[in-house]
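Close look at the chain arrangement
Spelled out, the chains give:
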Amino acid sequence: MTDLTDTSRCPLGVRCESCGLEAGEHLAVYTTECALGVMCLTMCLHCGRASSETKTGSIAVTTASRLVMQHAGHLGVTPEGMRLLQTARGRRPWNQPRYRWVQP
Ligand SMILES: [Zn+2]
Ligand SMILES: [Zn+2]
């Protein structure tokens, strides 16, 4: 089964997607889940340790859907396939009470 959190084929960005820090060696690709799927984000060590809720909280839904599509491409799956995998594994972060995004 495809590991949705595999970042081995994800390109590393030039700055942190969350705080904008440009700190080359401190940046890494992190994955985070939302109702749209799993997305990959380049983040610094500090932001990368934050919860999924915090990470996705600063990202617009339109941006998130683009990131999810891109990450599906990195994994070689379709966005629909990604959602099926998420559901199959019982990972539905949008069912949690504090989740702020509506299910598309
Ligand atoms: Zn950061
Ligand atoms: Zn990716």
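Keep in mind the model is a prediction, meaning the values are calculated, not measured. (Residues numbered from 1 in each chain as written. Chains lettered and ligands numbered in written order. Predicted model: local features only at pLDDT ≥ 70, side-chain atom pairs only at ≥ 80, totals over all residues.)

**Re the nonpolar core**
Heads up, the condition is: A set of buried Ala, Val, Leu, Ile, Met, Phe, Trp, Tyr and Cys residues, joined to one another through C-beta atoms within 7 Å, is what we call a nonpolar core. Once C-beta atoms are placed from the backbone, each residue is buried if 20 or more other C-beta atoms lie within 10 Å of its own, exposed if 12 or fewer, and partly exposed for counts between those two. Helix and strand assignments come from DSSP, with helices taken as H or I runs of at least 4 residues and strands as E runs of at least 2, each series counted from the N terminus. For every residue pair, C-beta atoms are placed from the backbone, and the pair is scored as a contact if these atoms sit within 7 Å.
Membership of the largest hydrophobic core comes to 20 residues, with the highest contact counts inside it found for M39, L41, M43 and V68. By residue number, the principal contributor to this core is strand 2 (residues 37-44), which donates six residues. Look past the residues within four positions of M39 in its chain and what remains in contact with it is T31, T32, C34, A64, L67, V68 and H71.

**Quick word on the environment of G73**
Its place among the elements puts G73 in helix 3 (residues 61-75). For G73, a count of 13 C-beta atoms within 10 Å translates into the label partly exposed. Spatially, the C-alpha atom of G73 lies 9.2 Å from that of C10, the residues being 63 residues apart in sequence.

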